[in-house]
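Below are the chains, spelled out letter by letter.
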Amino acid sequence: MVNLSLCATPRGGAISIPQPHKLSAYNSAIPTSILFPRRKNAAFLPYPLEYHTKKLTFSVKNQYSTPQEQNNQQQRFSPFPSQPGQLPPRVYVGYSVYKGKAALTVEPRPPEFAPLDSGAFKLSKEGFVLLQFAPASGVRQYDWSRKQVFSLSVAEIGNIISLGARDSCEFFHDPFKGKSDEGRVRKVLKVEPLPDGSGHFFNLSVQNKITNVDESIYIPITKAEFAVLVSSFNFVLPYLLGWHTFANSIKPEDANRLNSANPRSGAEFEWTR
């Protein structure tokens, strides 16, 4: 905050502005007519005018915020801490679609990394997108205790992204494949176009012989909702592959050393041709 004082003097009518060099381009000049208004048919007095000195004070607000204000404003848009050494909090995101007979939620799951003896990390498991289907139990009510889940792999996400308005796809999962209970749980997800071309059907069929469950849940997805899914899938795919972790770990001083130490594919010869 900058305070400026304008003082009217008893002789000469001059205006005194203390420290005028501190005025900025955002300050506007005050017309002298405000301080000394002219009256029509006013006569000049032969003697100096005697009046009380008046002090006019106004404030100019600084448009630049302090570092603390900037930090508070940043936290409104980002939940991550700005101080180094602090771990970011866990964040849950997703996209939900609610219809008359069922609800669908779509949530990403991060990849997993395994430490190496060298101190580096290697991708051990790709991330995926979890689909949760819940049947309706009433008007705008859904029974999440009967929900059925289906995990979309990176390749399956790519298949959905590439679907056209009249295309369809089908995925089969056996959670116990290669184990003693193989074949006892069968999940089939079908994505098919609506007859009128206004979107797609998502139909999940689950046969679980362990819990004696045989259920099929379907939900229509409009073009707009499908476009949101496709856009979200396109954005999150590199993160599910762990490529963002690799990009964040790149250091300029290590790039040449790593490339020269791992000439597995002969890529350096490819670029020097």
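Conventions used here
- Residues numbered from 1 in each chain as written.
- Predicted model: local features only at pLDDT ≥ 70, side-chain atom pairs only at ≥ 80, totals over all residues.
- Heavy atoms only, no water.
- UniProt positions renumbered as here; feature names shortened; annotations may be inferred.
- Helix = DSSP H or I, 4+ residues; strand = E, 2+ residues; numbered from the N terminus.
- Buried < 20%, exposed > 50% of the residue type's maximum accessible area, 1.4 Å probe, protein only.
- Contact = heavy atoms within 4.5 Å.
- Pairing = 2+ DSSP bridges.
- Axes fitted to C-alpha atoms, helices over the stretch in contact; angles between N-to-C directions.
- Salt bridge = Lys/Arg side-chain N within 4 Å of Asp/Glu carboxyl O.
- Patch = residues over 30% accessible without salt bridge, like charges linked within 9 Å, V, L, I, M, F, W, Y side chains within 5 Å.
- Areas by Shrake-Rupley, 256 points an atom, 1.4 Å probe, with all protein chains shown as cover.
- Core = buried A, V, L, I, M, F, W, Y, C linked by side-chain atoms within 4.5 Å.
- pLDDT = per-residue confidence, 0-100.
- Left-handed = near helix turned anticlockwise from the far one by under 90°.
- Nonpolar A, V, L, I, M, F, W, Y, C, P; charged D, E, K, R; others polar.
- Arc of directions from axis to C-beta.

The chain goes by SsDNA-binding transcriptional regulator in an unreviewed UniProt entry, where it is assigned to Perilla frutescens var. hirtella. Per its UniProt entry, the chain bears the Sequence similarities (unreviewed entry) comment "Belongs to the Whirly family."

A.B. asks: Just give me the short version of the overall build of the chain, but keep the residues and values in it.
C.D. replies: What the chain contains, in helices and strands, is seven helices and 14 strands. Of all 273 residues assigned to the chain, the portion counted as buried reaches 23%. Considering only contacts in the chain between residues 6 or more positions apart, those separated by 24 or more positions represent 46%.

A.B. asks: Describe the sheet that holds strand β13 (residues 199-208), naming the residues involved and giving the relevant values.
C.D. replies: Across the sheet, which stays open at both edges, the four strands sit in the order β11-β12-β13-β14 with antiparallel pairing between neighbours. The sheet is open, and its two edges are formed by β11 (169-173) and β14 (213-222), each paired on a single side. Ignoring which end each strand starts from, the neighbouring axes of this sheet average 10 degrees apart. For β11 and strand β12 (residues 185-193), the ladder comprises five bridges, and the chain directions are antiparallel. Bridge assignment links H173 to a residue of β12, and that residue is K187. The sheet strands contacting helix α4 (residues 223-240) are β13 and β14, and the helix crosses β14 at an angle near 100 degrees.

A.B. asks: Help me get a handle on the pattern of salt bridges, residues and values and all.
C.D. replies: If you walk through the whole model with that rule in mind, you get four salt bridges. For E225, the salt bridge identified is with K99, shortest N-O distance 3.1 Å. Within this pair, whereas E225 is found in helix α4, its partner K99 is found in the loop between β4 (95-98) and β5 (102-109), the two being separated by 126 residues in sequence. Neither E225 nor K99 differs from the other in exposure class; each is buried. A salt bridge links E107 to R109; its shortest N-O distance comes to 3.1 Å. Residue E107 is classed as partly exposed on the basis of its relative accessible area, which comes to 23%.

A.B. asks: Just give me the short version of a nonpolar patch on the surface, but keep the residues and values in it.
C.D. replies: A contiguous nonpolar surface patch, about 290 Å² in accessible area, is contributed by F113, F121 and L123. Note on placement: F113 falls in strand β6 (residues 112-115). By relative accessible area, F113 is classed as partly exposed at 33%.

A.B. asks: I'd love a proper account of the nonpolar core, names of residues and values included.
C.D. replies: Residues L131, F133, L152, F202 and F233 are the most contacted members of the largest nonpolar core, which totals 31 residues. The element best represented in this core is α4, accounting for seven residues. Non-local contacts of F233, meaning those with residues more than four positions away in its chain, are made with V106, V129, L152, I157, I160 and I161.

A.B. asks: Please provide a residue-by-residue account of the pairing of strand β7 (residues 121-125), values included.
C.D. replies: Direction of pairing for β6 relative to β7: antiparallel, over a ladder of four bridges. Each residue of the ladder has a partner; that of A114, found in β7, is K122. Taking the residues that link successive antiparallel strands as the turn, the β6-β7 hairpin has five residues, and the phi of G119 there is positive, at about 95 degrees.

A.B. asks: Residue-level account of the confidence of the model for the chain, with values.
C.D. replies: Predicted confidence across the chain gives a mean pLDDT of 78, with 60% of residues reaching 70 or more. Confidence over residues 20-30 falls short of pLDDT 50; this stretch has eight contacts with residues more than four positions distant or in other chains. Considering only residues more than four positions removed or in separate chains, one finds that residues 42-51, a stretch of pLDDT under 50, has five contacts.

A.B. asks: Please give an account of the packing of helix α3 (residues 154-161) against α4 that cites residues and values.
C.D. replies: α4 packs onto α3 with a crossing angle of 145 degrees between their chain directions and a minimal axis gap of 10 Å. The handedness of the crossing between α3 and α4 is left-handed. Mapping the contact onto sequence places V154, I157, I160 and I161 in α3 and F226, V230, F233, N234, L237 and L240 in α4. Looking at the contact of α3 with α4 residue by residue, the class counts come to nine nonpolar, one polar and no charged.

A.B. asks: Requested: an account of α3, with residues and values cited.
C.D. replies: Inspection of α3 places V154, E156, I157, I160 and I161 among the buried residues, and these make up the whole buried set. Seen from one end, α3 has its buried residues packed into an arc of 160 degrees, which puts them on one side.

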